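Spelled out from the first residue to the last, the chains are:
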Amino acid sequence: LLHDAQPSARRLQPMHRGAYRVTQGSATTRFPFGFFVKTRPLRLQPSTFWVAPARVDVSGFERALRSRRGESSAQLAGPGEDYFDLRPYRPGDDLRRVRWRRAARSRRWVVVETEAMAGREITLELHLPPSGHEDACEFGIATTGSIAEFLLARGLRGGLRIPALALAPRGGERQRLEILLALARLDLNPRAALPSQPTAGARVAVLVAGAQEPAHADLVLYPEHFVSGEKAA
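Residues numbered from 1 in each chain as written. Predicted model: local features only at pLDDT ≥ 70, side-chain atom pairs only at ≥ 80, totals over all residues. Heavy atoms only, no water.

So, on to the packing of aromatic side chains. A full pass over the atoms with the stated rule returns three aromatic pairs. Judged by centre distance (5.9 Å) and plane angle (10°), the ring pair of Tyr20 and Phe49 falls under stacked. With a gap of 29 residues between them, Tyr20 in strand E3 (residues 18-29) and Phe49 in strand E4 (residues 38-51) connect regions that are remote in the sequence. Using a relative accessible area of 23% as the deciding quantity, one classes Tyr20 as partly exposed. By relative accessible area, which is 26% here, Phe49 ends up partly exposed. Geometrically, the ring pair formed by Tyr89 and Trp109 is edge-to-face, given 5.1 Å between the ring centres and 80° between the ring planes. One end of the pair, Tyr89, is in the loop between strand E6 (83-88) and helix H2 (100-106); the other, Trp109, is in the loop between H2 and strand E7 (110-127), with 20 residues separating them in the sequence. Owing to a relative accessible area of 28%, Tyr89 belongs among the partly exposed residues under this scheme. One Lys or Arg, Arg154, reaches over the ring of Phe150 and ends 3.7 Å from the middle of that ring. (Phe/Tyr/Trp six-rings, centres within 6.5 Å; stacked < 30°, edge-to-face > 60°. Helix = DSSP H or I, 4+ residues; strand = E, 2+ residues; numbered from the N terminus. Buried < 20%, exposed > 50% of the residue type's maximum accessible area, 1.4 Å probe, protein only. Lys NZ or Arg CZ within 6 Å of the ring centre and 35° of its normal.)

Now the structure itself:
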């Protein structure tokens, strides 16, 4: 776009996810008098890029996601919520952790130890129907990408399972880009099966209408039940 013969950038906003190739554009100006608009087509250096799925408001899923933080047992004492063992009292221990009834019987102070959690990992699974429902599938893809960004932004390690591809749970900006790129490249036709399931962390399934209900998922989310953050499964 040109204003008074000064070049300026023009932002391109694609309408759909996937691969794009830009080969031409147009230049518009009111130069030199400002009365008339002139437009001229431009041939550009070809540029190819991928567009991520649209961002969806997933705040309606926040409560359900917080209840499935992806923590797994480390099988040793440490910060956590589940009982692990009793041990003798040590100076500096929190008195709220003392088992007073046991201390009264044995005349020895003992404290409760909780079990440490190994990590905060969640693997997102996108379950698509065998055919049709393209708009619903695209919304499911967009929802999955937005949930991944939501989890990673809160310090969790996020993984992804989609037809024919799996990403192990990791954290950080690079993982966010890897997940979005995988979703941008997802081909709806044909629809391959999901890879083998992960063995650690929580499994959160995003189930598009018409897809088979997953077995042993820790949480199932239904995008078609979710409208503007008002309702979540």
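The next subject is the pattern of salt bridges. Scanning the entire structure with this criterion turns up 10 salt bridges. Its salt-bridge partner being Asp93, residue Arg87 comes within 2.9 Å of it at the nearest N-O pair. Of the two residues, Arg87 and Asp93, neither departs from the other in class, the shared state being buried. Across the pair Arg157 and Glu121 runs a salt bridge whose closest N-O atoms are separated by 3.1 Å. Separated by 36 residues along the polypeptide, Arg157 in strand E8 (residues 157-162) and Glu121 in strand E7 bring together distant segments of the chain. Residue Arg157 is classed as partly exposed on the basis of its relative accessible area of 37%. What makes Glu121 buried here is its relative accessible area of 19%. (Salt bridge = Lys/Arg side-chain N within 4 Å of Asp/Glu carboxyl O.)

What follows deals with the nonpolar core. In this structure, Leu65, Leu124, Leu126, Ile147, Leu151, Leu160 and Leu221 are the most contacted members of the largest nonpolar core, which totals 32 residues. Ranked by the residues each element gives to this core, the list is headed by helix H3 (residues 134-153), at eight residues. Sequence-distant contacts of Leu160, defined by excluding residues within four places in its chain, comprise Thr123, Leu124, Thr144, Leu165, Ala166, Leu167, Ile179, Ala182 and Leu183. (Core = buried A, V, L, I, M, F, W, Y, C linked by side-chain atoms within 4.5 Å. Contact = heavy atoms within 4.5 Å.)

Now for the confidence of the model for the chain. Of the residues in the chain, 80% have a pLDDT of 70 or more, and the chain-wide mean is 80. Taken element by element, the chain is modelled with least confidence in strand E1 (residues 2-3), mean pLDDT 40, and with most confidence in helix H4 (residues 173-185), mean pLDDT 96. Confidence over residues 1-5 falls short of pLDDT 50; this stretch has 16 contacts with residues more than four positions distant or in other chains. Within the model, the stretch residues 228-233 combines pLDDT values under 50 with 13 contacts to residues more than four positions away or in other chains. (pLDDT = per-residue confidence, 0-100.)

Turning our eyes to something else, we now look at H4. Between its terminal C-alpha atoms H4 stretches 18 Å, which fits the 18 Å expected from 13 residues at 1.5 Å a residue. Within the span of H4, buried status applies to Gln175, Ile179, Leu180, Ala182, Leu183 and Ala184. Packing partners of the buried residues in H4 comprise E3, E4, H3, E8 and strand E9 (165-170). (Expected span 1.5 Å × (residues − 1).)

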